[in-house]
Amino acid sequence: MSNLFAPGSVLLALLIGAAFGFLLHRGRVTSCNVIENQFRLKDFTVLKVMLTAIIVGGVGVMMMADASIVKYAVKDANLLGVALGAALFGVGMVFYGYCPGTGLAAIATGSVHALVGALGMIAGGILFALSFDWVKANILTVGAYGKIRLPDITGVPAPVWFAGLAVLAVAFFIWTERRQTH
Amino acid sequence: MSMATTHEIGVRESASRMDWTPYLAGAGIGVLSWIAFAIAKDPIGVTTAYGRLAGEVAIPLLGADTVANNTYWKQAPFALDYGVLFLVGIMLGAFISSIVSGTFKVELVPDVWRQELGGSVWKRFAYAFLGGAIIMYGARLAGGCTSGHGISGGLQLAVSSWLFLGVMFATGLVASAILFHAKKA
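Residues numbered from 1 in each chain as written. Chains lettered and ligands numbered in written order. Predicted model: local features only at pLDDT ≥ 70, side-chain atom pairs only at ≥ 80, totals over all residues. Heavy atoms only, no water.

Novice: Requested: an account of the side chain of B:Ser161, with residues and values cited.
Specialist: Residues and elements named next belong to chain B. Turning to its location among the elements, Ser-161 is positioned in helix H10 (residues 159–182). Judged by relative accessible area, which is 0%, Ser-161 ranks as buried. Residues in contact with Ser-161, not counting those within four places in the same chain, are His-149, Gly-153 and Gly-154. (Helix = DSSP H or I, 4+ residues; strand = E, 2+ residues; numbered from the N terminus. Buried < 20%, exposed > 50% of the residue type's maximum accessible area, 1.4 Å probe, protein only. Contact = heavy atoms within 4.5 Å.)

Novice: Could you give an account of the packing of aromatic side chains, naming the residues involved and the relevant values?
Specialist: Aromatic rings in a pair are described by how distant their centres are and how their planes are angled relative to each other. Residue and element names in this part refer to chain B. One pass over the full model with this rule turns up 19 aromatic pairs over all chains. Each ring, one from Trp-113 and one from Tyr-127, has its centre 5.3 Å from the other, and the planes form 65°; the classification is edge-to-face. Residue Trp-113 is found in helix H7 (residues 111–117), and its partner Tyr-127 is found in helix H8 (residues 121–142); the two are separated by 14 residues along the sequence. Judged by its relative accessible area of 0%, Trp-113 is buried. When the ring centre of Trp-113 is taken as origin, the NZ or CZ atom of Arg-124, which lies over that ring, is 4.7 Å away. (Phe/Tyr/Trp six-rings, centres within 6.5 Å; stacked < 30°, edge-to-face > 60°. Lys NZ or Arg CZ within 6 Å of the ring centre and 35° of its normal.)

Novice: Explain the nonpolar core residue by residue, including any values.
Specialist: Ranked by size, the top nonpolar core spans 108 residues in total, and within it A:Phe89, B:Tyr50 and B:Met168 carry the most contacts. Top element by residues in this core is helix H3 (residues 45–66) of chain A. It accounts for eleven residues. Among the domains, domain 1 (1–105) and domain 2 (112–185) of chain B are the pair contributing at least three residues each to this core. (Core = buried A, V, L, I, M, F, W, Y, C linked by side-chain atoms within 4.5 Å. Domains from an automatic or database assignment.)

Novice: So, the pattern of salt bridges: which residues are in play, and what are the values?
Specialist: Summed over all chains, the structure comprises six salt bridges over all chains. Measuring nitrogen to oxygen at the nearest pair gives 3.3 Å for the salt bridge that ties A:Arg40 to B:Glu116. A residue pair is termed interchain when its members come from two chains, as with A:Arg40 in the loop between helix H2 (32–39) and H3 and B:Glu116 in helix H7. When its relative accessible area of 16% is taken as the criterion, A:Arg40 is described as buried. Overall, the relative accessible area of 16% leaves B:Glu116 in the buried class. We note a salt bridge from B:Glu107 to B:Lys105, for which the minimum N-O separation is 3.9 Å. Classification of B:Lys105 as buried rests on a relative accessible area of 18%. (Salt bridge = Lys/Arg side-chain N within 4 Å of Asp/Glu carboxyl O.)

Novice: Could you give me a rundown of the interface of chain B and chain A, with the residues and numbers involved?
Specialist: Taken together, the contact between chain B and chain A spans 115 residues of the former and 117 residues of the latter. Both sides of the chain B and chain A interface together cover about 10,200 Å² of buried area, and 77% of this is carbon and sulfur. Counting the contacts that link chain B with chain A gives one salt bridge. On the surface where chain B and chain A come into contact, there are 30 residue pairs in polar contact (both at pLDDT 80 or more). Those elements that place two or more of their residues in the side of chain B that touches chain A are helix H2 (22–40), helix H3 (47–62), helix H5 (71–75), helix H6 (82–100), H7, H8, helix H9 (146–153) and H10 of chain B. Its residues assigned to classes, the side of chain B that touches chain A comprises 76 nonpolar, 30 polar and nine charged. (Buried area = accessible area lost by both parts, 1.4 Å probe. Polar contact = N/O pair within 3.5 Å; in protein donor to acceptor, adjacent residues only side chain to side chain. Nonpolar A, V, L, I, M, F, W, Y, C, P; charged D, E, K, R; others polar.)

Spelled out as structure tokens, the structure:
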């Protein structure tokens, strides 16, 4: 509780969180319809938001990391755990119609079913904690390569990755916008 | 809980003109990531804090001793700190946006669900609860969600995060094809 009153911390969490929730809503990804229709390949809003965020955010963070202003905070590549978790995540996202962050945001816009799913998330979190010892011993150790980045394993530098991503993303955006106009 | 009422509210479609293009919203999230990395020193993420919140909820359900002795909650104890307050912030921001744009509405069954899978509130609630449980288990197993892995990890070109994105979209496409095809049969 003490850090609740630490200078900056509370305000910063609320401000950055609020900006994130605001942007998610303005980007329409707090709509269950938009998310379900992404997986049905009828609406590409989710990919447009995510790819733009990754490229804009990535170039800035890369420049700040190069200038030693920020440090990378990469998650462990426990290949089996990440693959199995992501596989469950995709199924859960289609059933729920939201991801964890957009679900929270949707509750605040009046979505009652998002709230029901958030209670399900608490249940899932409890189940995970109860099975954590077994998971840690048997799954998280398989294919554990640590905090590796694509430039490390490919030898292709980060700016080239972002240039390639940007070209692919723009081509994809043009394709989807043309598709939507007729 | 009459469905007609929620449907009437749902018909009000003033939303679209207040929406930003997805590119502007995405770029905004990208710039917000700079701030999260540079000032907060904590990349945007959701489910780590959610897992700790689950520990707090588990106390009356499982007993304080079980929670206190659990390996996962020992390494991720609950506190009203940055991560948890970030979740409160998300709700605050989305609430403000929906009020300002006049799009706040009570929704029990979303349109796409009503059209494709029927208007049953309880069926929708059952899928939402089950989906929520699966998504959270998956997120904790993978070490992050669409925010922590998808955006924050993706923008760092993390191997784990791009694997997450690829697999997540693949199984989502399959699950969606099965779920939304099944009703037509």
